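Okay, here's what each chain looks like letter by letter:
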Amino acid sequence: MRDAEMCMIPNQIPGFDTTSFDREQQATPLDDLASVVAMYQPRVFRFLLATLRDRDAAETLTQETFLRAWTARDTFREDCSISTWLIRIALNLARDHTRTGRFRFWKHVSSSAVDAADVASIVPAHEISAEAHLIAQQQVAGIWQTVDGLSDRQRTVFLLRFLEEMEIPQIATVTGMPLSTVKSHLYRALDAVRAQHSKAAQTLNPSPKEIA
Amino acid sequence: MTPQLDSQQLAAHFDSVEGPELVGAHLTAEQFGELLAGSAPDASPQDAFVEAHLLACEQCSAELDELRQSITLFRDATRAYANEQMLHRTRWVLPTRTAHSLRSGYWAAAAAMLLIALLPMQVLYQHARPAQPVAAVSSVPDATQSDEALLEDVDRAISTSVPTPMQALADPTATASNDNFASTSTQRK
């Protein structure tokens, strides 16, 4: 059985199934919800924030992820890590969310939309010159914008590999795509990032090596 | 990550491949992708060639380093930004609201609304009670009769659509039209 099939989650999880609360349930690692949330919330929120680029939407879907995970905790068979399972739920929610035209419209006008400059401003300025700091900020902003322009699948694979540092087989499990497809999307995403990087490097006189 | 070749393997490759061939053609997009993505290494001759090329070609080597550095910066900045946003957003709620608590919440809200609706009626009732004169206790039959008479008057006044003093003004054309109708009928006759 493929990894992706081993770590299945139900597509339609009932929101508030009253019967599931009344019956006796077997203990699962997700019963201690407070611990699970404390441990995995930053990761889920981070992934959703980078995927959706909207703080409010990321926050809402992060809570929805844990709610769904807890509601469907009986279906967690421990054949993949909790982290992988949660990211998969988050990814499904993000897909559903971004399918709506309303999201695409509000993404551009929402006050909670994340701007590339906001993220780039986080780059620490210590131990590098002001010029190198500026170059680093431009590099981060450039990649952030490039990732935004990728297709949904390319963006997901890129973020899972380079933001969440997942291995390629793990990404295949989360996305449900074959390994070869994951690699293909990843290479295309990297090609776009490389093209943007080369273009930006041509406009900058100082060598980015000074950042090191 | 791409496997690091030991010195013997590298020497073998440098011996087998001509120098200009190593540097002449730069790495392809796919080879860059494999190097950056760190896909599972299989120590194939192709990987060995890529390693050897990177050792020989400064341009590709520098570009790879810069790309890795940029992606690391992107990762660190995005993580730091997300952590900062999480700290500012403290309204996280654990999903402990079960169906039971939701149902009890609905009942509580309904009870509160009912209480709010009944409270003004209770207040009005309490205000109305002192209006009954205590002195009337001594003459209960008279007071009852006068009350009943008063209520009958009020009923009568309410049941009439037009107050008695205004009766004359209610339909000033009524008598006139009747008269006209009577006169026209007599004329026809």
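Calculation rules
Residues numbered from 1 in each chain as written. Chains lettered and ligands numbered in written order. Predicted model: local features only at pLDDT ≥ 70, side-chain atom pairs only at ≥ 80, totals over all residues. Helix = DSSP H or I, 4+ residues; strand = E, 2+ residues; numbered from the N terminus. Buried ≥ 20, exposed ≤ 12 C-beta atoms within 10 Å, placed from the backbone. Contact = placed C-beta atoms within 7 Å. pLDDT = per-residue confidence, 0-100. Axes fitted to C-alpha atoms, helices over the stretch in contact; angles between N-to-C directions. Parallel < 35°, antiparallel > 145°, perpendicular 65-115°, else oblique. Left-handed = near helix turned anticlockwise from the far one by under 90°. Nonpolar A, V, L, I, M, F, W, Y, C, P; charged D, E, K, R; others polar. Core = buried A, V, L, I, M, F, W, Y, C linked by C-beta atoms within 7 Å. Domains from an automatic or database assignment. Expected span 1.5 Å × (residues − 1).

A.B. asks: Looking at this structure, I do not really get the overall build of chain A. What am I missing?
C.D. replies: A tally of regular secondary structure across chain A gives 11 helices and 0 strands. Ordered by position from N to C terminus, the α and β elements of chain A give α-α-α-α-α-α-α-α-α-α-α. A total of 212 residues make up chain A; the buried ones form 38% of that total. Summarising the internal contacts of chain A: among those between residues at least 6 apart in sequence, 73% fall at separations of at least 24.

A.B. asks: I would appreciate a short explanation of the overall build of chain B in the present structure.
C.D. replies: A tally of helices and strands in chain B yields 9 helices and 0 strands. Ordering the α and β elements of chain B from the N terminus gives α-α-α-α-α-α-α-α-α. Looking at chain B residue by residue over its 189 residues, the buried ones come to 12%. Long-range contacts, defined as pairs at least 24 residues apart, comprise 75% of the intrachain contacts of chain B with a sequence gap of at least 6.

A.B. asks: Whenever I open this one, the confidence of the model for chain B confuses me. Can you help?
C.D. replies: In low-pLDDT segments, the atomic positions of the prediction should not be examined closely. Residues and elements named next belong to chain B. A residue-level look at chain B finds 49% of positions with pLDDT of 70 or above and a mean pLDDT of 69. In this model residues 1-7 is a low-confidence stretch, pLDDT under 50, and it forms 12 contacts with partners more than four residues away in sequence or in other chains. When the criterion is pLDDT under 50, residues 181-185 qualifies, and its contacts beyond four places in sequence or with other chains add up to 0 contacts. We note a pTM of 0.62 for the whole complex and an ipTM of 0.79 for its interfaces.

A.B. asks: Is there a simple way to explain the packing of helix α3 (residues 33-52) of chain A against helix α9 (residues 152-163) of chain A in this structure?
C.D. replies: For any two helices packed against each other, the geometry is given by the interaxial angle and the distance between the axes. Residue and element names in this part refer to chain A. At a minimum axis distance of 10 Å, the contact between α3 and α9 shows a crossing angle of 140 degrees. Put simply, α3 runs oblique to α9. Judged by the sense of rotation from one axis to the other, the crossing of α3 with α9 is right-handed. Contact residues: Arg46, Phe47, Ala50 and Thr51 in α3; Arg155, Thr156, Leu159 and Leu163 in α9. In terms of residue class, the contact of α3 with α9 is built from 4 nonpolar, 2 polar and 2 charged.

A.B. asks: Sorry, what's going on with the nonpolar core here?
C.D. replies: Soluble globular proteins tend to bury their nonpolar side chains together. Residues and elements named next belong to chain A. Ranked by internal contacts, the top residues of the largest apolar core, which has 68 residues, are Leu48, Ala90 and Val140. Top element by residues in this core is α3. It accounts for 10 residues. Residue assignment places this core across two domains, with domain 1 (1-113) and domain 2 (115-212) each supplying three or more. Ignoring any residue separated from it by four or fewer positions in sequence, one finds Leu48 in contact with Ala58, Leu61, Thr62, Ala90 and Ala94.

A.B. asks: Help me out: how do you make sense of α9(A) in this one?
C.D. replies: In an α-helix, one turn spans 3.6 residues; hence positions three or four apart end up facing the same way. Residues and elements named next belong to chain A. If you check α9, its first and last C-alpha atoms are 15 Å apart, about what 12 residues at 1.5 Å a residue would give, namely 16 Å. Most of α9 sits out of view: 9 of its 12 residues are buried. Buried within α9 are the following residues: Gln154, Thr156, Val157, Phe158, Leu159, Leu160, Arg161, Phe162 and Leu163. Just past α9, the residue Glu165 takes up positive phi, approximately 55 degrees.

A.B. asks: What should I look at first to understand α3(A) in this one?
C.D. replies: Spanning 20 residues, α3(A) covers only 25 Å between terminal C-alpha atoms, well under the ideal 28 Å at 1.5 Å per step. On its buried face, α3(A) sits against α4 (55-71), α5 (82-99) and α9 of chain A together with α5 (58-88) of chain B. Positive backbone phi, approximately 60 degrees, marks Arg53(A), located one or two places after α3(A).

A.B. asks: Is there a simple way to think about unusual backbone geometry in this case?
C.D. replies: Leaving glycine aside, a negative phi is the common case for residues, and trans is the common case for peptide bonds. Residues and elements named next belong to chain A. With a phi close to 60 degrees, Arg53 is a non-glycine residue in the positive phi region. Turning to its location among the elements, Arg53 is positioned in the loop between α3 and α4. A positive phi angle is found at Glu165, which is not glycine, with a value near 55 degrees. Residue position: Glu165 is located in the loop between α9 and α10 (168-175).

A.B. asks: Got a minute to help me understand the packing of α3(A) against α5(A) in this structure?
C.D. replies: All names here are of chain A. Their axes nearest at 10 Å, the elements α3 and α5 cross at an angle of 35 degrees. Our pair here, α3 against α5, has a crossing hand that is right-handed. Where α3 approaches α5, its residues Val36, Tyr40, Arg43, Val44, Phe47, Leu48, Thr51 and Leu52 are matched on the opposing element by Ile82, Ser83, Leu86, Ile87, Ala90, Ala94, His97 and Thr98. The residue makeup of the contact of α3 with α5, split by class, is 11 nonpolar, 4 polar and 1 charged.

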